[in-house]
Amino acid sequence: MMSKSLKDTPLEEMIICAQQGDQNVQNYLLKTYQPFIAKCVSEVCKRYIDPKKDDEFSIGLSAFNEAIQSYVPERGSSFLSFAKLVIKRKVIDYIRYTQKRPVAVSLDETYDAEQMENPTEILAVKEMYQLEQDAWYRKQEIMDFIEKLKLYKMSLAELTEVSPKHRDARESAIRTARILYEDQQMKEYVLAKRKLPIKDLVKKVDVSKKTLERNRKYILAIFIVLTEDYLYLKDYLKGVGQ
């Protein structure tokens, strides 16, 4: 692929070329998307990021490169959405490591009775650190989820109101969302139109058209969770609607 034509090449196509070993495309992506990377890093650091001076930018650049290599378009999320999540996770890991380096290093070591006075205390600190890290990741996922809901003209508050009240109804809606997600044709329809393919979906599920329409927003919300790289939100759905 000639560099002169890269500006007119779709991003997803360039990602595939880079994954196949095209160094020119990879370098072009890393250079062109530096402002995007800096913005993602800045959102984590809560300050202006200088690509030439701040170590955090180097972490973000490395994370962006990692995102290029690990991106799988079939999962449904856009590359930039996926890359943003990878960058933020890597940068926060770096920040936590540098801020708590003495603790972080010690937690990864093996202790015996002579090396520390209170192993239970060390374990508690380690668990606290993990909880803080999990809470940050979960918050980032929820913030990204809120942005995705906006694309479908929905809000988190609205979703709370329209969610099925009964467990059976929720599980049925989640099951419907899974069927929607696993059917490539219907999946592509939703991603393109931002709405349910009611006519096709009613043929695939044991649910009435009226019920589908009533739970439309909830089904779409679950569909978003399934298509995005949400490790924590997906955890809530494990075993449900299978």
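Shown above is the structure to which this text applies.
Bear in mind the structure is a predicted one, so any value in this text is a computation, not a measurement.

With respect to the packing of helix α1 (residues 11-19) against helix α2 (residues 23-32)
- At a minimum axis distance of 8 Å, the contact between α1 and α2 shows a crossing angle of 130 degrees. On the basis of the axis angle, α1 is oblique to α2. Note that α1 runs across α2; the crossing there is left-handed. Here α1 contributes L11, M14, I15, C17 and A18 to the contact with α2, which in turn contributes V25, Q26, Y28 and L29.
- Residues of the contact of α1 with α2, tallied by class, amount to 8 nonpolar, 1 polar and no charged.

Quick notes on the environment of V207
- Structurally, V207 can be placed in the loop between α11 (198-204) and α12 (209-214).
- By relative accessible area, V207 is classed as buried at 17%.
- Separated by 31 residues in the primary sequence, V207 and T176 place their C-alpha atoms 8.5 Å from one another.
- In contact with V207, not counting residues within four places along its chain, are S172, T176, V202 and L212.

Observations concerning the nonpolar core
- L29, F36, F64, I68, F79 and I87 are the most contacted members of the largest nonpolar core, which has 35 residues in total.
- Of all elements in the fold, only α1, α2, α3 (34-45), α4 (55-70), α5 (79-99) and α7 (119-151) reach the threshold of two or more residues within this core.
- Apart from residues lying up to four places away in sequence, L29 is in contact with L11, M14, I15, A18, F64 and I68.
- M154, M186, L196 and Y218 belong to the second-largest nonpolar core, a separate cluster that totals 29 residues.

Notes on α4
- With 16 residues, α4 extends 23 Å from end C-alpha to end C-alpha; this agrees with the ideal 22 Å at 1.5 Å per step.
- Considered for burial, the residues of α4 that qualify are E56, F57, G60, A63, F64, A67 and I68. The buried residues of α4 occupy an angular sector of 150 degrees when the element is viewed end-on, so they sit on one face.
- Buried residues along α4 sit in contact with α1, α2, α3 and α5.

Scoring rules and cut-offs
- Residues numbered from 1 in each chain as written.
- Predicted model: local features only at pLDDT ≥ 70, side-chain atom pairs only at ≥ 80, totals over all residues.
- Heavy atoms only, no water.
- Axes fitted to C-alpha atoms, helices over the stretch in contact; angles between N-to-C directions.
- Helix = DSSP H or I, 4+ residues; strand = E, 2+ residues; numbered from the N terminus.
- Parallel < 35°, antiparallel > 145°, perpendicular 65-115°, else oblique.
- Left-handed = near helix turned anticlockwise from the far one by under 90°.
- Contact = heavy atoms within 4.5 Å.
- Nonpolar A, V, L, I, M, F, W, Y, C, P; charged D, E, K, R; others polar.
- Buried < 20%, exposed > 50% of the residue type's maximum accessible area, 1.4 Å probe, protein only.
- Core = buried A, V, L, I, M, F, W, Y, C linked by side-chain atoms within 4.5 Å.
- Expected span 1.5 Å × (residues − 1).
- Arc of directions from axis to C-beta.

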